[in-house]
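# A closer look at the structure
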Amino acid sequence: MISGRDLVVGLVNQGVSHWLWIPDSELGRWEADLVAEPRLRLIRVSREAEAFGIAAGLLLVGKQPVVAMQCTGFFDAGDAFRNVVHDLQLPLFLILGIRSYLAYQERRTADTCPRFTIPILEAWQVPYQILNAQAKAADLVQLYISARRQGRPFVACIPE
């Protein structure tokens, strides 16, 4: 399980300035830690596409935002995401919760979110990694560090 406090401290120590999101049931567990961190600006958006647009503006002025959302919102905001990472070529870092992924791996759900998330990421040719269920905050922070060093967009997938 990823500790919200460890994640927030780790990312802020790497220069993350803003966190844009619509929390879901899994990622939403980090909210208290996000709110408690005075060095991080938490921005709650009304639609996932809005998060990508705001993040693009922040990246263009030299800030280091992270966007977090669930796969269903990602599907809806696909064109905004594509525009930011391909047309604007910005190094967006996205934390993406894949709803029902763990149950899908065990064939215990009919939820189609897990089935479509990875093929969409691959079709858009965006680097990604699915963290394992035992991942720690340090694993996610390391992915952020690697993506920043390479100056590329990256999607860190959280199995839910």
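Our structure is the block above this text.
This text gives an overview of the structure that appears in the document. None of the values given here were measured: they were computed from a predicted structure.

### Here's the deal with the packing of helix α3 (residues 48–60) against helix α5 (residues 78–87)
It is the contact of α3 with α5, at a shortest axis distance of 8 Å, that shows an interaxial angle of 20°. When the interaxial angle is binned, α3 and α5 end up roughly parallel. Two packed elements cross with a definite hand, and for α3 against α5 that hand is left-handed. From α3, Ala49, Phe52 and Ala56 reach across to α5, where they touch Ala80, Phe81 and Val84.

### Description of the packing of aromatic side chains
Two descriptors summarise a pair of aromatic rings, namely the distance from one centre to the other and the angle between the planes of the rings. Within this structure, the stated rule accounts for eight aromatic pairs. Taking the centre distance of 5.1 Å and the plane angle of 80° together, the rings of Phe93 and Tyr144 count as edge-to-face. Of this pair, Phe93 sits in strand β4 (residues 93–98) while Tyr144 sits in helix α8 (residues 137–150), and the two are 51 residues apart along the sequence. Both residues of the pair, Phe93 and Tyr144, count as buried. Three or more aromatic residues joined by ring pairs form one cluster here, namely Phe52, Phe74, Phe81 and Trp124.

### Quick word on the pairing of β4
Of all the six residues making up β4, six are buried; the element is thus mostly covered by neighbouring parts of the structure. Burial of β4 is two-sided: the residues Phe93, Ile95 and Gly97 facing one way and the residues Leu94, Leu96 and Ile98 facing the other way are all buried. Pairing geometry for strand β3 (residues 65–70) and β4, over five bridges, is parallel. Considered in β4, the bridge of Ala68 is made with Ile95. Inspection of the sheet shows β4 paired to strand β6 (residues 154–159) by six bridges, in the parallel sense. Directly across from Leu94, in β6, lies its bridge partner Val155.

### With respect to α5
All of the buried residues along α5 are Gly78, Phe81, Val84 and Val85. Viewed along the axis of α5, the buried residues span an arc of 135°, placing them on a single side of the element. In this fold, the buried residues of α5 make contact with α3, α4 (71–76), β4 and β6. Gln89 occupies a position one or two residues after α5 and carries a positive phi of about 55°.

### A word on unusual backbone geometry
Here Gln89, not a glycine, exhibits a phi torsion of approximately 55°, which is positive. For Gln89, a relative accessible area of 63% gives the class exposed. Even without being a glycine, Gln125 presents a positive backbone phi close to 55°. With respect to the secondary-structure elements, Gln125 resides in the loop between α7 (113–123) and β5 (128–130).

### A word on the environment of Leu42
Mapped onto the fold, Leu42 is located in strand β2 (residues 41–44). Owing to a relative accessible area of 18%, Leu42 belongs among the buried residues under this scheme. Each C-alpha atom, one on Leu42 and one on His18, is 5.9 Å from the other, the two residues being 24 residues apart in sequence. With near-sequence residues (within four places) excluded, Leu42 lies in contact with Trp19, Trp21, Leu34 and Val35.

### Topic: helix α1 (residues 4–13)
Looking only at α1, the buried set comprises Gly4, Leu7, Val8, Gly10, Leu11 and Val12. In this structure, the buried side of α1 is in contact with β1 (18–21), α2 (31–36) and α8. Within two residues after α1, Gly15 carries a phi angle of roughly 100°, on the positive side.

Conventions adopted
Residues numbered from 1 in each chain as written. Predicted model: local features only at pLDDT ≥ 70, side-chain atom pairs only at ≥ 80, totals over all residues. Heavy atoms only, no water. Axes fitted to C-alpha atoms, helices over the stretch in contact; angles between N-to-C directions. Helix = DSSP H or I, 4+ residues; strand = E, 2+ residues; numbered from the N terminus. Parallel < 35°, antiparallel > 145°, perpendicular 65-115°, else oblique. Left-handed = near helix turned anticlockwise from the far one by under 90°. Contact = heavy atoms within 4.5 Å. Phe/Tyr/Trp six-rings, centres within 6.5 Å; stacked < 30°, edge-to-face > 60°. Buried < 20%, exposed > 50% of the residue type's maximum accessible area, 1.4 Å probe, protein only. Pairing = 2+ DSSP bridges. Arc of directions from axis to C-beta.

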